[in-house]
Amino acid sequence: MSKRLILDAHLDLSMNAIEWNRDLSKPLSEIRKAEMHMPDKPDRGRGTVCLPELRKGKIGIVVATQLARYSPLDSALAGWNSPQQAWAMTQAQLAWYREMEAIGEMKQILTRKDLNQMVALWEDSSIPDEDKAIGYILNLEGGDSLVTPSYLDRAYDYGLRALGLSHFGPGRYAPGTKSEGPITELGKELLTKMEQYKMILDFTHLTDQGFEQALDLYGGPIWASHHNVRKIVPNQRQLTDEQIKKLVKRGAVIGGMLDCWAMDIRFIDTISDPWQLDIKLEHLVDHWDHICQLVGDSEHIGIGSDLDGIFGTEQSPWDLNSIADLQKYEEILDRRGYSDKDIDNIFHGNFLRFLGKSLPTG
């Protein structure tokens, strides 16, 4: 049976390549072997993502991030000591994407035409999947690295098409996960500028107050690239039922994420073990089920895995060895009663439809 095309709406590829010093063009076994004895990060030797594994799993289109947080010297969170340093890091990350394009590993998607061409490539069975470029839409996770809102002009010119104001903790444009408070005045200015470009606003990581403000302030396309359900995992990082309904009313798609603490409330970072708690890929289907029952259809959910987003197999479902295992969802969803059309919606259809309306025509 041929594999279905998958669109993953959230992968921190360039952060892993630059800050983790991972050559993502190499096989996963080589990357893990090279990191076996590195003590600097908890996920060393446990990565799940590389370009060959994306191709193996027919994950042909991804939303790929730039990510660099500004953290003042008195901050408890890791980050860069000035917005200029954070901007410089995002430019190093951009340079990595450009290098992957130069050697044919990846291809940037800027317009609807680019998107259609990439879908056609991945649906062309005459070309082996291992010979196809991975298409990517560029997303900035957290706005801190934009030194001023005027930097958005430069970012849009190099292909930035989606942006989330916040990440973790305090933010220059909006506070994020594990913090509270409203969008800043700088953030409101950035939203006005984003709307001029009709960019996609990512609601992921916003505070509850910021969520409501963004709905009121922003008239452009919106999505939640990697979010689960607060009814199942009751912490502020996940979406309430009312938030889900409001996103859906605006035509948003919500990408389900595979970080264990976002799937099961029992999981504690750096302490819990996915195998001992029996946290499997199927746990995410519970979150998808909840959204489908709440809104009445399967047209607003997708995959935003966040795999290798500062974690590896130690914080992923135990039945996932690499990102290629996303293909297991076909059997899981079929067994859970999802139709063929539903599975297509989740694997790629919903995000493709959204992007087909939201990207520039081109």
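Everything below is about the structure printed above this text.
Residues numbered from 1 in each chain as written. Predicted model: local features only at pLDDT ≥ 70, side-chain atom pairs only at ≥ 80, totals over all residues. Heavy atoms only, no water.

(A) Focus on the pattern of salt bridges. A complete count under the given rule lists 23 salt bridges for this structure. A salt bridge links aspartate 43 to arginine 22; the nearest nitrogen and oxygen atoms lie 3.6 Å apart. Taken together, the positions of aspartate 43 in the loop between α2 (28-35) and α3 (51-56) and arginine 22 in the loop between α1 (13-18) and α2 put the pair 21 residues apart, joining distant regions of the chain. Comparing aspartate 43 with arginine 22 shows no difference in burial state: the two are buried. (Salt bridge = Lys/Arg side-chain N within 4 Å of Asp/Glu carboxyl O. Helix = DSSP H or I, 4+ residues; strand = E, 2+ residues; numbered from the N terminus. Buried < 20%, exposed > 50% of the residue type's maximum accessible area, 1.4 Å probe, protein only.)

(B) Up close: the side chain of histidine 205. Examined against the element boundaries, histidine 205 turns out to sit in the loop between β6 (200-202) and α8 (208-217). Note on histidine 205: relative accessible area 3%, which makes it buried. A polar contact of 2.7 Å, which involves the side chain of histidine 205, links it to the side chain of threonine 177. Sequence-distant contacts of histidine 205, that is, excluding residues within four places in its chain, are made with Glu141, Ser166, His167, Phe168, Pro175, Gly176, Thr177, His226, His227 and Arg237. (Polar contact = N/O pair within 3.5 Å; in protein donor to acceptor, adjacent residues only side chain to side chain. Contact = heavy atoms within 4.5 Å.)

(C) Structural view of the packing of aromatic side chains. According to the stated counting rule, one finds nine aromatic pairs in the structure shown. Aromatic pair phenylalanine 203 and phenylalanine 211: ring centres 5.0 Å apart, planes at 80 degrees, arrangement edge-to-face. The same class applies to phenylalanine 203 and to phenylalanine 211, which are both buried. An aromatic cluster is present here, built from Trp87, Tyr151 and Tyr158 joined pairwise through their rings. (Phe/Tyr/Trp six-rings, centres within 6.5 Å; stacked < 30°, edge-to-face > 60°.)

(D) Molecular detail of helix α11 (residues 283-295). Turning to α11, its buried residues number three or more, namely His283, Leu284, Val285, His287, Trp288, His290, Ile291 and Cys292. For α11, the elements touching its buried residues are α9 (241-249), β8 (254-256), α10 (260-263), β9 (301-303), α12 (329-335) and α13 (340-358). Just downstream of α11, glycine 296 is the residue with a positive phi angle, here 95 degrees.

(E) Up close: the pairing of strand β5 (residues 160-164). Taken across its five residues, β5 has five buried, putting it largely inside the fold. In terms of strand pairing, strand β4 (residues 134-141) meets β5 through four bridges, oriented parallel. Residue leucine 138 lies in a different strand from β5, and its bridge partner there is leucine 160. With respect to chirality, the unit in which β4 leads through helix α6 (residues 151-157) into the neighbouring parallel β5 is right-handed. Here two bridges tie β5 to β6, and the two strands are oriented parallel to one another. For alanine 162, the partnering residue across the bridge sits in β6 and is isoleucine 200. Between the parallel pair β5 and β6, the chain is carried across by helix α7 (residues 185-197), and the sense of this crossover is right-handed. (Pairing = 2+ DSSP bridges. Right-handed = clockwise from strand over helix to strand, strands pointing away.)

(F) The nonpolar core, seen in detail. Of all hydrophobic cores here, the largest spans 103 residues; its most connected members are Leu13, Ile61, Leu146, Leu163, Leu165, Trp288 and Tyr329. Counting residues per element, this core draws most heavily on α13, at seven residues. (Core = buried A, V, L, I, M, F, W, Y, C linked by side-chain atoms within 4.5 Å.)

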